[in-house]
Amino acid sequence: MLWAVCAVGCLLLRPVWLSAAHVMPVCLWHQWTGIPCPGCGATRAIVHLLHGDASAGLAMNPLAALVAVSFVGAGLLAPLWVALGGRIPEVPSRTRPAWVAAVSAVVVANWAWLVASGV
Amino acid sequence: MPPIEPAPPPPPTVQAGLPWEAPNAGLGSIFPTAVQFITNPFQAYARMSLTTDLVRPIAYFVAFVIASVPLGQLWRYLFWTRETSGLDLIPTDLLQQAPWLEVLLGRPTVTVVLVLMVIAPLLNLITLFIWSGLVHLVLAMLGAAPNGFATTLRAVCYSQTAIVALLVPVAGGLIQLIWSLVLQIIGLSQAHRVSGGKAAAAVLIPIAVCCGCVVALAVISGIAVGGLMKQ
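A brief report on the enclosed structure follows. (Residues numbered from 1 in each chain as written. Chains lettered and ligands numbered in written order. Predicted model: local features only at pLDDT ≥ 70, side-chain atom pairs only at ≥ 80, totals over all residues. Heavy atoms only, no water.)

1. Side note on the overall build of chain A
Summing up its helical and strand segments, chain A has seven helices and zero strands in all. Sequence-ordered secondary structure for chain A, helices as α and strands as β, is α-α-α-α-α-α-α. For the C-alpha atoms alone, the extent of chain A along its principal axes is close to 50 × 40 × 25 Å. Expressed as a percentage of the 119 residues in chain A, the buried residues total 28%. (Helix = DSSP H or I, 4+ residues; strand = E, 2+ residues; numbered from the N terminus. Buried < 20%, exposed > 50% of the residue type's maximum accessible area, 1.4 Å probe, protein only.)

In structure tokens:
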């Protein structure tokens, strides 16, 4: 239920996000080194998504765009999932090297894309 | 006859549940609960129920957010200047498109305070949920999340007690941020029964992923400057 409230809130607060994007501080790492950090382009990706331009959002920061869409989409579907008797998923509590490696690989691959595309 | 060893002292008994988590607890129980988190956060988190309805900690979080709005806006009203408001950073055409932005970032009025009291809980709930998710993800990667996401969410909710730092003008926001992180580390270590190091890593790694590059750059610059000074 909390997830659904947050997802609806994200959509309702669209004007706030779009305005706040203009007052977000610039990335100091990017400014000093010229190389994007792992989070660079996330704000611009979400602004593109809020304007309905999914491909531009994905190009700007694929991981941020996918996480944002998944967060809102799954949040909107969560109450329906629970109502239909679906099991609430839980992150495994024990470390699984393959799982950790997969998450790390996704973050590194996304970072490589940001560096290559010159975000 | 061997000397009789004295019996070991009984382990300290920790009463289960916080005052705010008692059945039918009213708004008045928020105050003693907050006092516990301020004076003895270790014991307060040890007492935190892991089974009470999640509505309780979330309501505690929201209550503190709502209470912080007039306080924060009071300081903004007293110390407001155009230079520090961020208004000059916004393009003029955007201000023409969204005139409410100038109202929101300008010197606060009663209307702005009332609007923020409605918007702030929603904004903070979104932040709470996303932040708790990130912290829980790192905890799970470290193998230190045996009690599930709800426990992480509870610990983060009660760390909102740090908002009382906003009573301090100007520096209150920074104090609140640091205090809140410390409370989260204590809360996660107590609630998940994991080491303080793993709890600290879970809280600090998400921050480091974004800001760590800057810290690394600062350290490298410091070493370089130190080397130059020796020459």
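After presenting the structure, the write-up continues.
2. Let's talk about the overall build of chain B
Within chain B, the secondary structure is distributed over ten helices and zero strands. Each helix (α) and strand (β) of chain B, taken in turn from the N terminus, gives the series α-α-α-α-α-α-α-α-α-α. Looking at chain B as a whole, 42% of its 231 residues qualify as buried. Here the contacts in chain B between residues at least 6 apart in sequence split such that 69% fall between residues at least 24 apart. Put simply, chain B shows about 12500 Å² of open surface, and 72% of that area lies on carbon and sulfur atoms. (Contact = heavy atoms within 4.5 Å. Areas by Shrake-Rupley, 256 points an atom, 1.4 Å probe, with all protein chains shown as cover.)

3. Concerning the side chain of B:S159
Residues and elements named next belong to chain B. Mapped onto the fold, S159 is located in the loop between helix 8 (148-158) and helix 9 (172-191). Looking at S159, its side chain comes within polar contact range of the side chain of Q184, at 3.4 Å. Beyond its immediate sequence surroundings of up to four residues, S159 is in contact with Y45, S180, L183 and Q184. (Polar contact = N/O pair within 3.5 Å; in protein donor to acceptor, adjacent residues only side chain to side chain.)

4. Re the interface of chain B and chain A
Facing the 33 residues of chain B at the interface are 30 residues of chain A. Summing the contributions of chain B and of chain A, the shared interface buries around 2600 Å²; its carbon and sulfur component is 84%. Here chain B and chain A share zero salt bridges between them. Of all the secondary structure elements, the ones that give two or more residues to the side of chain B that touches chain A are helix 6 (99-105), helix 7 (110-141), helix 8 and helix 10 (196-230) of chain B. Per element, the largest residue contribution to the side of chain B that touches chain A is eleven residues, and it comes from helix 7 of chain B. When the residues that make up the side of chain B that touches chain A are grouped by side-chain class, the tally is 29 nonpolar, four polar and no charged. (Buried area = accessible area lost by both parts, 1.4 Å probe. Salt bridge = Lys/Arg side-chain N within 4 Å of Asp/Glu carboxyl O. Nonpolar A, V, L, I, M, F, W, Y, C, P; charged D, E, K, R; others polar.)

5. So, the packing of helix 7 (residues 97-117) of chain A against helix 7 of chain B
A pair of packed helices can be characterised by two numbers: the angle between their axes and the separation between those axes. Contact geometry for helix 7 of chain A and helix 7 of chain B: axes closest at 10 Å, N-to-C directions at 135°. Our classification of the angle between helix 7 of chain A and helix 7 of chain B gives oblique. Note on element contacts: helix 7 of chain B touches helix 7 of chain A through B:L137, B:A140 and B:M141, opposite A:W99, A:V100, A:V103 and A:S104. Partitioned by chemical class, the residues of the contact of helix 7 of chain A with helix 7 of chain B number six nonpolar, one polar and no charged. (Axes fitted to C-alpha atoms, helices over the stretch in contact; angles between N-to-C directions. Parallel < 35°, antiparallel > 145°, perpendicular 65-115°, else oblique.)

6. What to know about unusual backbone geometry
Residue and element names in this part refer to chain B. The residue V170 is not glycine, and still its phi comes out positive at about 65°. The residue V170 is located in the loop between helix 8 and helix 9 in this model. Given a relative accessible area of 71%, V170 falls into the exposed group. Its identity as a non-glycine residue notwithstanding, R193 has a phi of 55°, on the positive side. Residue placement: R193 occurs in the loop between helix 9 and helix 10. R193 gets classed as exposed once you look at its relative accessible area, which sits at 63%.

7. Structural notes on helix 7 of chain A
Counted at 1.5 Å a residue, the expected span for helix 7 of chain A with its 21 residues is 30 Å, and the 30 Å between its end C-alpha atoms agrees. Looking only at helix 7 of chain A, the buried set comprises A:V100, A:N110 and A:L114. Buried residues of helix 7 of chain A, seen end-on, are gathered within an arc of 100° and therefore sit on one face of the element. Projecting away from the buried face of helix 7 of chain A at angles above 90 degrees are the exposed residues A:P97, A:A98, A:V108 and A:A116. Lining the buried residues of helix 7 of chain A we find helix 5 (54-60) and helix 6 (62-83) of chain A together with helix 7 of chain B. A:G118 sits one or two residues past helix 7 of chain A and shows a positive phi near 65°. (Expected span 1.5 Å × (residues − 1). Arc of directions from axis to C-beta.)

8. Considerations on the environment of B:T33
Residues and elements named next belong to chain B. Secondary-structure assignment places T33 in helix 1 (residues 30-39). In this structure the C-alpha to C-alpha distance between T33 and E21, which are twelve residues apart in sequence, comes to 9.0 Å. One polar contact links the side chain of T33 to the main-chain amide nitrogen of W20, over a distance of 3.0 Å.

9. Thoughts on helix 3 (residues 55-79) of chain B
Working note: α-helix, 3.6 residues per turn, so residues spaced by three or four point in the same direction. In this model helix 3 of chain B runs 36 Å from its N-terminal to its C-terminal C-alpha over 25 residues, within 8% of the 36 Å that 1.5 Å per residue would give. When the local axis directions of helix 3 of chain B are compared, the greatest deviation, roughly 30°, occurs at B:S68, which is followed within four positions by the proline B:P70. Every buried residue of helix 3 of chain B is listed here: B:P57, B:I58, B:Y60, B:F61, B:V62, B:F64, B:V65, B:S68, B:V69 and B:Q73. On its buried face, helix 3 of chain B is in contact with helix 1 (2-12) of chain A together with helix 1, helix 7 and helix 8 of chain B. (Bend = angle between axes of the 7 residues up to and from the residue.)

10. With respect to the state of the cysteines
Residues and elements named next belong to chain A. Taken as a whole, this structure holds zero disulfides over all chains when the rule is applied. Distance from the sulfur of C10, which forms no disulfide, to the nearest cysteine sulfur (C6) is 6.8 Å. Among the cysteines around C40, which has no disulfide bond, C27 carries the closest sulfur, lying 3.6 Å off. (Disulfide = S-S within 2.5 Å.)

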